[in-house]
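# Per-entry structural report
Listed below, chain by chain, are the residues.
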Amino acid sequence: LCTISSGGLVAYSESQAEPGSGIPSEKKKKVLVLGTGWAGTSFLKDIDISHYDVQVISPRNYFAFTPLLPSVTCGTVEARSIVEPVRKIIKKRDGEVQFCEAECVKIDAAGKRVYCQSNIDNNLVGNKEFSLEYDYLVIAVGAQVNTFNTPGVQENCHFLKEIEDAQKIRRTVIDCFEKAVLPGLSEEERKTNLHFVIVGGGPTGVEFAAELHDYIQEDLVKLYPMAKDLVKITMIQSGDHILNMFDERISSFAENKFQRDGIEVLTGRRVVNVSEKEVAMKIKSTGESCSIPHGIVLWSTGVGTRPVIKDFMEQIGQKNRRVLATDEWLKVKGCDNVYALGDCASIDQRKIMEDIAIIFKAADKDNSGNLNVKEFEDILDDIIIRYPQVELYLKSMHMSDVTDLFKDPRGTDATEVDIEGFKSALSHVDSQMKSLPATAQVAAQQGAYLSRCFNRMEQCEQNPEGPQRFRGSGRHQFRPFSYKHFGQFAPLGGEQTAAELPGDWVSMGHSTQWLWYSVYASKQVSWRTRVLVVSDWLRRSVFGRDSSR
Ligand code: FAD
Ligand code: MG
Ligand code: MG
Ligand code: MG
Ligand code: MG
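Read on for a plain summary of the structure. Everything quoted here is computed from the prediction, not taken from an experiment. (Residues numbered from 1 in each chain as written. Chains lettered and ligands numbered in written order. Predicted model: local features only at pLDDT ≥ 70, side-chain atom pairs only at ≥ 80, totals over all residues. Heavy atoms only, no water.)

A separate point is the overall build of the chain. Along its length, the chain carries 16 helices and 28 strands. Within the chain, buried positions represent 50% of all 549 residues. A sequence separation of at least 24 residues applies to 66% of the contacts in the chain between residues at least 6 apart. (Helix = DSSP H or I, 4+ residues; strand = E, 2+ residues; numbered from the N terminus. Buried < 20%, exposed > 50% of the residue type's maximum accessible area, 1.4 Å probe, protein only. Contact = heavy atoms within 4.5 Å.)

Pasting the structure below:
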């Protein structure tokens with residue numbers, strides 16, 4: 001991108017490299033992919049293996065459909081229904097993708113090498129540790145849970161990040177019920193065992209609370225009649241509202257529904273300690289401390305950095321960050337041939353003010369020293385591709401017509417602006433820069449984007465200069481990554497879902513639940529998992545959930 005051509009600021013080639021024009025394998029560049037989650041698998045699905053020698057490292061030999069993890073905690077959907085073996089995903093006709101089940105423990109960017117450790121724990125012969133070279137490295141290792149160093153959390157809380165976590169929660173919930181009905185317990189003890197505490201009012205915590213509530217009301221109280229009046233769900237949220245990343249309407253709909261369902265929501269509290277029996281917290285407004293007993297705690301308060309990424313960031317001078325910084329083409333800053341995507345990375349969007357003089361010069365085709373409306377309109381599309389904050393700014397100012405930017409405060413419509421006028425018109429645009437959320441949607445789009453870039457890289461290397469360069473290297477003939485938001489769901493239990501759809505659309509209730517079913521069925525990675533998930537839903541609606549340990 002960012003080459004000046006006769007057409008405007010941006011020129012890039014959209015055509016694909018010739019398919020099937022394979023290169024001899026000794027000449028192929030080695031691409032090493034770390035991680036087989038949303039970002040990693042979406043990259044692998046499209047990468048052209050006739051041009052690259054692709055290797056994949058991940059401690060899990062499957063892809064997990066994380067949005068359905070909360071359903072696994074209560075047996076609404078079985079664990080096996082939402083995982084797909086990586087080897088099945090990467091099976092391609094012409095060529096082979098190598099997969100190693102191991103964890104990357106160190107990245108040596110200077111030596112272009114990664115160090116790995118196999119976690120397969122048995123007496124099989126062979127190496128547990130090995131290293132691999134790469135020409136290009138694609139880091140997609142995701143994030144890990146964040147305990148904020150709160151004492152007792154690691155030891156006494158459950159998390160919901162991996163398949164194993166969900167399976168463990170499912171067993172523990174049943175344990176809580178079985179324990180609560182053993183003879184000889186006091187009512188207090190029974191109540192403690194049946195107190196389910198969720199820390200964090202984000203989408204995962206809310207969805208788990210909703211699933212658990214349905215599970216208890218629809219299935220468990222029938223089987224454990226004694227537990228009916230003793231069971232309780234409590235959610236602790238540090239902010240003032242749950243689901244505060246969603247539209248206000250959704251957040252209050254969720255709060256009202258939880259209130260009707262008897263799920264207690266404690267807001268404005270920070271958990272300071274979790275012991276085997278109690279959760280201790282501080283009320284933010286008053287500073288008062290209090291604590292509640294629990295049978296099980298789910299900790300779901302946002303994501304933290306994996307150690308291997310922390311170490312790598314120190315090597316390349318990105319200290320004190322939570323995630324890797326990349327440019328808009330997903331290349332890690334300060335590091336050649338390394339790309340990062342998904343939850344372990346975030347894009348450092350370039351500010352328009354840094355390039356304002358160059359943009360002005362490029363737009364001012366007749367070299368008049370002024371920009372007229374036509375000249376500005378001609379270049380606007382290119383600007384928006386390179387600086388997506390411009391579009392967000394226009395939206396936030398409710399400007400339908402870009403020429404509104406040129407209106408001068410005295411009310412007289414300017415037809416031309418000089419460089420100073422141009423600067424002041426765009427001076428607030430950069431305040432609209434937002435980092436993308438840590439979601440599957442972003443990760444998957446980034447993986448697909450990066451594989452497209454890789455598949456076209458060779459072609460661009462043959463013509464690295466492009467026409468006339470605006471900034472940066474030949475790689476910048478590519479369009480920067482741009483995210484397209486398709487909306488977001490918040491399942492709230494009782495066959496009700498809230499959804500935020502593009503264009504500020506909000507939809508809530510039973511019909512949205514049907515939308516949720518159809519979207520999640522269609523998003524499955526294979527027909528096998530699609531059939532399994534849909535039959536799990538049917539099984540549940542006919543027979544209820546399975547409550548055996
Ligand atoms: P991941 O999908 O986490 O993948 C990371 C991969 O790296 C894994 O394969 C892992 O095994 C591997 N790995 C880890 N460490 C190493 C290492 N050292 N070396 C090599 N490989 C390693 N997003 C949505 O958009 N919609 C939703 O409804 C939604 N619901 C969610 C529900 C839950 C319960 C959770 C936990 C998340 C949910 N998300 C949802 C978020 C979404 O799952 C993440 O944003 C997404 O998984 C990020 O993709 P990723 O590829 O960066 O990381
Ligand atoms: Mg991944
Ligand atoms: Mg995943
Ligand atoms: Mg990210
Ligand atoms: Mg001019």
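Don't stop here, the text continues.
Note on the magnesium ion (ligand 4): its protein donors are Gly342 (O) and Ala345 (O). The metal-donor distances range over 2.3 to 2.5 Å. Glycine 342 sits in the buried class, given a relative accessible area of 9%. (Donors = N, O, S within 2.8 Å, 3.2 Å for Na, K, Ca; no water.)

Taken together, 31 residues surround ligand 1, and among them Ala39, Thr66, Cys104, Asp343 and Ala440 come closest. A distance of 3.0 Å separates an oxygen atom of ligand 1 from a polar atom in the backbone of threonine 36. Alanine 438 is positioned such that a nitrogen or oxygen atom in its backbone is 3.2 Å from an oxygen atom of ligand 1. Surface burial for ligand 1 is 89%, taken as the share of its 1,000 Å² of free accessible area covered by protein chains. Where the shell around ligand 1 is concerned, the elements lending two or more residues are helix 1 (38-46), strand 3 (52-58), helix 2 (69-72), strand 7 (103-108) and helix 14 (440-462). Looking at the shell around ligand 1, its residues break down into 16 nonpolar, 10 polar and 5 charged. (Near = heavy atom within 4 Å. Polar contact = N/O pair within 3.5 Å; in protein donor to acceptor, adjacent residues only side chain to side chain. Areas by Shrake-Rupley, 256 points an atom, 1.4 Å probe, with all protein chains shown as cover. Nonpolar A, V, L, I, M, F, W, Y, C, P; charged D, E, K, R; others polar.)

The full count for this structure, using the stated rule, is 23 salt bridges. Residue glutamate 164 pairs with arginine 60 through a salt bridge whose shortest N-O separation is 3.5 Å. Here glutamate 164 is found in helix 5 (residues 163-180), whereas its partner arginine 60 is found in the loop between strand 3 and strand 4 (62-64), with 104 residues between them in sequence. Accessibility expressed as a relative area gives 39% for glutamate 164, which makes it partly exposed. On the basis of relative accessible area, arginine 60 is assigned to the partly exposed category, the value being 26%. Each of Glu78, Arg170, Asp536, Arg539 and Asp546 takes part in salt bridges that share partners, so that together they form one network. (Salt bridge = Lys/Arg side-chain N within 4 Å of Asp/Glu carboxyl O.)

Attention shifts here to empty space enclosed by the protein. One pass over the full model with this rule turns up 3 cavities of 30 Å³ or more. Considered as a void within the structure, the largest cavity measures approximately 190 Å³ in volume. Around the largest cavity, the lining comprises 19 residues; the ones closest to its centre are Glu211, Asp214, Gly493, Glu495 and Gln513. Where the lining of the largest cavity is concerned, the elements lending two or more residues are helix 7 (203-223), strand 26 (488-493), helix 15 (510-522) and helix 16 (527-543). In terms of residue count, the dominant contributor to the lining of the largest cavity is helix 7 (5 residues). (1 Å grid on protein atoms, 1.4 Å probe; cavity = no way out; pocket = protein on both sides within 12 Å on 5 of 7 lines; lining within 4 Å. Points joined across faces, edges and corners; volume = space filled by probe spheres on them.)

Looking now at unusual backbone geometry. Note: most peptide bonds trans; most residues except glycine with negative phi. In this structure, asparagine 149 takes a positive phi of about 55° despite not being glycine. With respect to the element layout, asparagine 149 can be found in the loop between strand 11 (144-145) and helix 4 (153-156). Unusually for a residue other than glycine, leucine 243 sits at a positive phi of about 50°. The topology assignment puts leucine 243 in the loop between strand 13 (232-236) and helix 8 (248-261).

Counted under the stated rule, the structure contains 19 aromatic pairs. Ring centres of phenylalanine 360 and phenylalanine 422 lie 5.5 Å apart, and the angle between their planes is 55°; on these two criteria the pair is classed as tilted. With phenylalanine 360 in helix 10 (residues 356-363) and phenylalanine 422 in helix 13 (residues 419-425), this residue pair connects regions lying 62 residues apart in the sequence. Taking relative accessible area as the criterion, phenylalanine 360 reaches 7% and is therefore assigned buried. Three or more aromatic residues joined by ring pairs make a cluster, and in this case those are Trp38, Phe63, Phe65, Phe489, Trp514, Trp516, Tyr517, Tyr520 and Trp537. Above the face of the tryptophan 527 ring, arginine 530 is positioned so that its terminal group lies 4.3 Å from the ring centre. (Phe/Tyr/Trp six-rings, centres within 6.5 Å; stacked < 30°, edge-to-face > 60°. Lys NZ or Arg CZ within 6 Å of the ring centre and 35° of its normal.)

A few words on the packing of helix 15 against helix 16. Viewed as axis vectors pointing N to C, helix 15 and helix 16 meet at an angle of 150°, and their least axial separation amounts to 9 Å. Judged on the interaxial angle alone, helix 16 and helix 15 are roughly antiparallel. Where helix 15 abuts helix 16, its residues Trp516, Tyr517, Tyr520, Ala521 and Ser522 lie against Arg530, Val534, Trp537 and Arg540. (Axes fitted to C-alpha atoms, helices over the stretch in contact; angles between N-to-C directions. Parallel < 35°, antiparallel > 145°, perpendicular 65-115°, else oblique.)

Where helix 5 meets helix 7, the closest approach of the two axes is 13 Å, and the angle between their N-to-C directions is 45°. What the angle tells us is that helix 5 and helix 7 run oblique. Handedness of the helix 5/helix 7 crossing: right-handed. Residues Ile169, Val173, Ile174 and Phe177 of helix 5 form the contact with helix 7, whose own contacting residues are Phe208, Leu212, Tyr215, Ile216 and Leu220. Looking at the contact of helix 5 with helix 7, its residues break down into 9 nonpolar, no polar and no charged. (Left-handed = near helix turned anticlockwise from the far one by under 90°.)

Turning to the layout of surface pockets, a few remarks are in order. Remark: the empty space left among the atoms is shown by a probe the size of a water molecule rolled over them. In this structure, the second largest pocket spans a volume of roughly 490 Å³. Contributing to the lining of the second largest pocket are 20 residues, with Lys179, Asn193, Glu276, His294 and Gly295 lying nearest its centre. Among the secondary structure elements, those contributing two or more residues to the lining of the second largest pocket are helix 4, helix 5, helix 6 (187-193) and strand 18 (296-299). The element that contributes the greatest number of residues to the lining of the second largest pocket is helix 5, accounting for 5 residues.

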